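Here is what each chain is made of, one letter per residue.
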2 protein chains.
Amino acid sequence: MYKVKVYVTLKESVLDPQGVAVKNSLHSLSYTDVTNVRIGKYMELTIDSNENVEQKVKEMCDRLLANPVIEDYRYEIEEVVAQ
Amino acid sequence: MYKVKVYVTLKESVLDPQGVAVKNSLHSLSYTDVTNVRIGKYMELTIDSNENVEQKVKEMCDRLLANPVIEDYRYEIEEVVAQ
């Protein structure tokens, strides 16, 4: 069994209005030394298989979890001993 | 200058409808060995300050970035040499 952590972030060139909104909110709470905020998605998947897990993770990211036009993704695969 | 990575996830006891929806979509794409999906937020903050950065990050998470009632958060703080 595997635990996979997937991080999906907007490409650097893409404007992040959500990040700008959060930054402005932080400034209004007096955290003015925050100069940049980028918001992305963090997903934890549990995969109950032992065959070519990395290949499957790549496919899932390319086909569903990330939008390759505007997003980048990276992942960490960790084997978990099933209880 | 500091780069902070914040991971906000739903508490284990909280139902994750978004995660269930993604899991069902992955199953419909034939990735049936995905047994669980949890979706969270991933944020990258740039902080231009050298005073009690960790304290500020904790406060920002407690006050804005995470909802302490239903979410947990963790963070990684990395010093960045300003170019």
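This text follows the structure it describes.
Residue positions are given per chain, counting from 1 as you read along its sequence in written order. Written order decides the labels, with chains lettered from A and ligands numbered from 1. Reporting in this predicted model follows two pLDDT cut-offs: at least 70 for local features of residues, and 80 or more for side-chain atom pairs to be given and counted; totals over whole chains, interfaces and linings ignore these cut-offs and use all residues. The basis for every side-chain value is the complete set of non-hydrogen atoms in the structure, without hydrogens or water.

Enquirer: Hey, could you run me through the overall build of chain A in this one?
Expert: A count of helices and strands for chain A gives 2 helices and 3 strands. Strands are runs of DSSP state E lasting at least 2 residues, helices are runs of H or I lasting at least 4, and numbering of each runs from the N terminus. Secondary structure elements of chain A, listed N to C terminal, follow the sequence β-α-β-α-β. Throughout, radius of gyration means the C-alpha value; the globule benchmark is 2.2 Å times the number of residues raised to the power 0.38. Against the globule reference of 12 Å for 83 residues, chain A gives a C-alpha radius of gyration of 17 Å, more extended than a compact globule. Its C-alpha atoms give chain A principal-axis dimensions of about 50 × 30 × 15 Å. We call a residue buried when its accessible area falls under 20% of the maximum for its residue type, exposed when it is over 50%, and partly exposed in between, using a 1.4 Å probe and counting protein chains only. Burial statistics for chain A: of 83 residues in total, 40% are counted as buried. When checking whether two residues touch, look at their non-hydrogen atoms; a contact exists if any pair is within 4.5 Å. Once local pairs closer than 6 in sequence are excluded, the contacts in chain A between residues at least 24 apart make up 70%. Accessible area of chain A: about 4,700 Å², with a carbon and sulfur share of 49%. Charged residues are defined here as Lys and Arg on the positive side and Asp and Glu on the negative side; His and the ends of the chain fall outside this count. To locate a charge, take atom NZ for lysine, CZ for arginine, CG for aspartate or CD for glutamate. Within chain A, the 14 negative side-chain charges are centred at a point lying 4 Å from the centre of the 10 positive side-chain charges. For accessible areas, the Shrake-Rupley method is used with a probe of radius 1.4 Å. Any residue's cover is judged against the shown protein chains and nothing else.

Enquirer: What is the right way to read the pattern of salt bridges from this model?
Expert: A side chain of one charge can pair with a side chain of the opposite charge when the charged atoms of the two come close. All names here are of chain A. Salt bridges are defined by distance alone: a side-chain nitrogen of Lys or Arg within 4 Å of a carboxyl oxygen of Asp or Glu. Under the definition given, this model contains 8 salt bridges over all chains. In this structure, the salt-bridge partner of arginine 74 is glutamate 76, at a minimum N-O distance of 3.8 Å. Overall, arginine 74 belongs to the partly exposed group, its relative accessible area being 36%. Assessed through its relative accessible area of 37%, glutamate 76 is described here as partly exposed.

Enquirer: When you look at the side chain of glutamate 44 of chain A in this model, what are you seeing that I'm missing?
Expert: Within the fold, glutamate 44 of chain A resides in strand E2 (residues 34–47). In the analysis that follows, any N or O atom pair within 3.5 Å is treated as a polar contact, provided that within protein one partner can donate a hydrogen and the other can accept it, and provided that, for residues neighboring in sequence, both atoms belong to side chains. In this structure the side chain of glutamate 44 of chain A is engaged in a polar contact, spanning 2.6 Å, whose partner is the side chain of tyrosine 42 of chain A.

Enquirer: When you look at the interface of chain B and chain A in this model, what are you seeing that I'm missing?
Expert: A common measure of how large an interface is: the accessible area buried when the components associate. Each partner contributes residues to the interface: chain B has 32 residues there, and chain A has 32 residues. Buried area counts how much accessible surface, traced with a 1.4 Å probe, disappears from two parts once they are put together, with both parts' losses summed. Taken together, both faces of the contact between chain B and chain A bury some 3,000 Å²; the carbon and sulfur share is 60%. When the buried surface of chain B facing chain A is broken down by residue, Tyr31, Asp33 and Tyr42 of chain B rank first, second and third, together holding 22% of it. Our count for the chain B to chain A interface comes out at 2 salt bridges. Joining chain B to chain A, the criterion identifies 18 residue pairs in polar contact (both at pLDDT 80 or more). When contributions to the side of chain B that touches chain A are tallied by element, the ones reaching two or more residues are strand E1 (2–10), helix H1 (17–28), strand E2 (34–47) and helix H2 (53–65) of chain B. The element that contributes the greatest number of residues to the side of chain B that touches chain A is E2 of chain B, accounting for 14 residues. By the convention adopted, Pro, Cys, Tyr, Trp, Phe, Met, Ile, Leu, Val and Ala count as nonpolar, Lys, Arg, Asp and Glu as charged, and the other residues, Gly among them, as polar. In terms of residue class, the side of chain B that touches chain A is built from 15 nonpolar, 7 polar and 10 charged.

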